[in-house]
Amino acid sequence: MSEKVGVYICHCGTNIAKTVDVEDVAVWAGDQPDVEIARDYKFMCSSLGQDLIEEDIKEKGLTRVVVAACSPHMHEKTFRTACERGGLNPFLFEMVNVREHNSWTTDDREAATKKAKALVNGAVERVIYHQELEMMPLEINPNTLVVGGGIAGISASLELADAGYHVYLVEREPSIGGHMAQLDKTFPTLDCSACILTPRMVEVGQHPNITLLTWSEVENVEGYLGNFTVTVRKKARYINEEHCTGCGICIEKCPFKVTDDVFEAGLSTRKVIYRPFPQAVPKYPVIDTENCVYFLRGKCKACQIFCPTEPNSIDFEQQDEFLNIDVGNIILATGYDLFDVSKIPQYGYGRLANVFTSLEFERLVNAAGPTSGNIVLRDMETPPDKVAIVHCVGSRDENYHKYCSKVCCMYSLKFAHLVHERLPDAEVYNCYIDMRTPGKGYEEFYNRLLEEGTHFIRGKVADITDSARTDEEEGKLIVQVNDTLIDKQRRIPVDMVILSPAMEARYDSRKITQLFRMGCDFDGFFVERHPKLDPVATMTEGIYIAGACQGPKDIPDSVSQGAAAAARVAGLIARGTVYIEPVRASIIEEQCSGCRICNNLCPYNAIIFNEDKEVSEIITALCQGCGTCVAACPSAAITGAHFTNDQLMSQIEGILWDVGKGLESIKKVESVAEIGD
Amino acid sequence: MTEQYEPIIVGFLCNWCSYRAADLAGTSRLHYAPNLRVIRVMCSGRVDPQFVLKALRQGADGVMIAGCHPGECHYVEGNIKALRRFLLLKQMLRQLGIEKERVQLVWASASEGIILADAINRMTEEVRALGPLRWQDSVIGANGHKEGETVQDAPVPEEV
């Protein structure tokens, strides 16, 4: 095989040249067989550097190009384009990483130079086996699936719908709105959560470009960027949505009540046929079959009897529906769960009546909540004289979650403010580890609370108990805390304790990542493609994330991430066709023995068995190019484009050029063995 | 004074996690042993056991396969397939008389440059302590048994 390889070694200013003797590598590379020309240059990625490659391809007739510079994740595309401009297929190029993987990791100039030579040689040997490939065009379906109808999902849906693209918004609960719908005021501006959220919810409900699927869950996802097919299970509401006007008479007439553990956080009751809250979108109620007397004992039907619509909207026979939806992109905005505070027994939640979680307090203080906004103890009538707010419950804690939940300091300050506002005589103690208020107007809000007379105690709460040691403590909850600013253990008797629990990943976030074939971190939060430069994309093409499913976030951050994800999707839709790397596997029919080992290996079900020909076949559009099947094929009938066995074997040989001397002796031994046979 | 023996280790790093971990190690200027020579594959599941044998036979003293953490694979579970193959390969290598430290499987996510760098350092020291592999003499030449002559010829590092 005779190819004309051009090798280019970048100084990267001094980044590479400081540790690697680039001139030496270039001179050495120039002496290697097949290498037509080897050059070193100050900045290969500069336009002059790229021109060098372009001119050499044209003038010296190079048929392969190797550039030793930074990581291919940085500049592979740059140099591929340069090759293309020179008239060379961009896949006849190989990049060598001598910066991130070499010059930056050692001060040993001799070792780094030796390593650079090995890596360059590996690339030269590999590139000879490269084949011309064409980028694969991919049509993008303009519809988008948004999973999760919290504020992040709502923002993403509205952005896309307003841009003229159709959105399917899937929500697990009977109404959209998410956690934000449960909140009272929002920090630091203290505007009422419902007042700013409900108009957005109504907009979603009425938007011609949004198909709203509440009380629904994604069951299955197939396909790839541009062409996903999603199966959504629309759970039976037992309400005919075509006839129901949402008048609410059925709810009024339903004779049975149960505790509302979801929306009212257990502080109030709801009917068995219910809407989570009055402003719910959509307005249709849902029957809770676990508690409905008709479903349990076959009697009642009060809702049906009193339903005023014609024909009747109550349909006890309704079944779950399975919808197949074709979309081009998917945005996941599945939100968060609150840390279960009963996991910390010393804080007494569940045992001590007047220990509340933040969400319970949100409902208490909410004008639309069970007490119409009156702050009272668990008996629902006595207002507290003293309130303690405990920050970092389950956050920044080695035993639970190491991370900071980001929003708790701010909403704990908000709680303190609301107590001062509603109960001017009450004392408020905020027990914090560090006060974290980074955000527009946040520090100002903290300063305002300092002036309002909140007691700030810097220290982690050790214990909350009702066993009194003094008369003053009798009948109170005692918060035991080490006040680190005065270095003293303090016992603070209070009437009410509010715990600010950590935000954690949804309990089923791992299941979701498997469903959508993307990754989550150790804490269960979804992993973004790049923590800084690509915070909404995931490693799976066509799947984007927004809101607290990616990590703890406040409302403004969730809204902007939702909009950002929508912008990314809109960009793809506007382009219509994207080109993806042709790194795909294919099967050489003649070599396939039909053993089917590969059939079950593919995580994308891209390999099918052709019964007529008795060989396996790869659906190129489904293949993602991982190469697992290539490595598994016992007949070497599967090739992975751009990562073929020939290419990788030659690279191994090339990379070990300085120690591979033993090869001749191996051949000798093998031939001896043959004679022996 | 005898020069310190420098083992050569070939690393098969997956494009999404471990290769990026190595990028991050570089970007964070983490210094580690310059003994690893990296070959990029799209997924650790692409690593054919033949690649490992090829590298060893070609003169490498060790091979590192690095992938995403289980559950975090870019291709869902390619790393699990790599793990299965690795466990089988380990059995075979043992029968060939190749020490287990010479072929290692490492998980490192894209944010774990330091974990990868540590693994490279550790593996380099372990292989350095074992000395050169000398495949053709010890594995093929002596049919898997290291004969006295071969062992005496092998350079023994000072610190052992």
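Residues numbered from 1 in each chain as written. Chains lettered and ligands numbered in written order. Predicted model: local features only at pLDDT ≥ 70, side-chain atom pairs only at ≥ 80, totals over all residues.

On to the overall build of chain B, then. Secondary structure summary: chain B contains 6 helices and 4 strands in total. When its helices and strands are written in sequence order, chain B yields β-α-β-α-β-α-β-α-α-α. Put simply, chain B has 160 residues, and 58% of those count as buried. (Helix = DSSP H or I, 4+ residues; strand = E, 2+ residues; numbered from the N terminus. Buried ≥ 20, exposed ≤ 12 C-beta atoms within 10 Å, placed from the backbone.)

This brings us to the sheet that holds strand β12 (residues 227–234) of chain A. Residue and element names in this part refer to chain A. Judged by pairing direction, the sheet is antiparallel, and its 3 strands sit side by side in the order β11-β12-β17 without closing on themselves. Each edge of the open sheet is held by one strand with a lone partner, namely β11 (216–224) and β17 (321–327). Geometrically, the sheet is characterised by an average inter-axis angle of 20° between neighbouring strands, direction not taken into account. (Pairing = 2+ DSSP bridges. Axes fitted to C-alpha atoms, helices over the stretch in contact; angles between N-to-C directions.)

Residues and elements named next belong to chain A. Here 5 strands make up an open sheet; going across it, the order is β20-β27-β21-β22-β23 and the pairing parallel. Because the sheet does not close on itself, it has two edges, and the strands there are β20 (355–357) and β23 (455–458). Between one strand and the next, the sheet's axes are offset by a mean angle of 20°, whatever the strand orientation. Inspection of the sheet shows β20 paired to strand β27 (residues 496–501) by 3 bridges, in the parallel sense. Note that in β27 the partner of Thr357 across the bridge is Leu499. Relative to strand β21 (residues 386–393), helix α11 (residues 408–422) is tilted by about 175°, and along the sheet it contacts β21, β22 (427–432) and β27. (Contact = placed C-beta atoms within 7 Å.)

Residues and elements named next belong to chain A. Considering the arrangement of structural elements, one finds Phe609 in strand β32 (residues 607–610). In sequence terms Phe609 and Arg596 are 13 residues apart; their C-alpha atoms lie 7.2 Å from each other. Contact partners of Phe609, with chain neighbours within four places excluded, come to Arg596, Asn599 and Ser616.

Once that is clear, we can look at the interface of chain B and chain A. Contacts between the two partners involve 42 residues from chain B, matched on the other side by 45 residues from chain A. Among the secondary structure elements, those contributing two or more residues to the side of chain B that touches chain A are α1 (18–27), β2 (36–41), α2 (49–57), α3 (78–95) and α5 (135–141) of chain B. A per-element tally of the side of chain B that touches chain A places α1(B) first, with 6 residues. Broken down by class, the residue content of the side of chain B that touches chain A amounts to 21 nonpolar, 10 polar and 11 charged. (Nonpolar A, V, L, I, M, F, W, Y, C, P; charged D, E, K, R; others polar.)

Our focus in this paragraph is the nonpolar core. All names here are of chain A. Within the largest apolar cluster, 233 residues are counted, with the highest numbers of intra-cluster contacts made by Val66, Val67, Ala68, Val120, Val479 and Val497. Here this core takes 9 residues from α11, the largest share from any one element. Here Ala68 is in contact with Ile9, Cys10, Val96, Val98, Ala116, Leu119 and Val120, once residues within four sequence places are set aside. Listed in part, the 16 residues of the second largest apolar core include Cys250, Tyr274, Val286 and Cys292. (Core = buried A, V, L, I, M, F, W, Y, C linked by C-beta atoms within 7 Å.)

Among the 8 residues that make up helix α10 (residues 358–365) of chain A, 7 are buried, leaving the element largely enclosed by the rest of the structure. Every buried residue belonging to α10(A) is among Ser358(A), Glu360(A), Phe361(A), Glu362(A), Arg363(A), Leu364(A) and Val365(A), and all of these are buried.

Axis angle and axis distance: for two packed helices, these are the angle between their axes and the distance between the axes, and together they describe the pair. All names here are of chain A. Helix α6 (residues 193–206) packs onto helix α5 (residues 151–162) with a crossing angle of 50° between their chain directions and a minimal axis gap of 10 Å. As judged from the angle between their axes, α5 and α6 are oblique. You can see that α5 and α6 cross each other, and the crossing is left-handed. Residue-level contacts link Ile151, Ile154, Ser157 and Leu158 of α5 to Leu197, Arg200, Met201, Glu203 and Val204 of α6. (Parallel < 35°, antiparallel > 145°, perpendicular 65-115°, else oblique. Left-handed = near helix turned anticlockwise from the far one by under 90°.)

Moving on: the environment of Lys343(A). Residues and elements named next belong to chain A. Residue placement: Lys343 occurs in the loop between β19 (336–338) and β20. The class of Lys343 is partly exposed, set by 13 C-beta atoms lying within 10 Å. Separated by 36 residues in the primary sequence, Lys343 and Cys307 place their C-alpha atoms 44 Å from one another.

Model confidence for chain A is summarised by a mean pLDDT of 93, while 97% of its residues fall at 70 or above. Low confidence marks residues 662–677 of chain A, where pLDDT is under 50. Its contacts with residues over four positions away, or in another chain, come to 11 contacts. (pLDDT = per-residue confidence, 0-100.)

Residue and element names in this part refer to chain B. Counting buried positions over the 5 residues of strand β4 (residues 103–107) gives 5, a clear majority of the element. Burial along β4 is two-sided: Val103, Leu105 and Trp107 facing one way and Gln104 and Val106 facing the other are all buried. Note that strand β3 (residues 62–67) and β4 share 5 bridges and pair parallel. Bridge pairing in β4 places Gly67 opposite Trp107.

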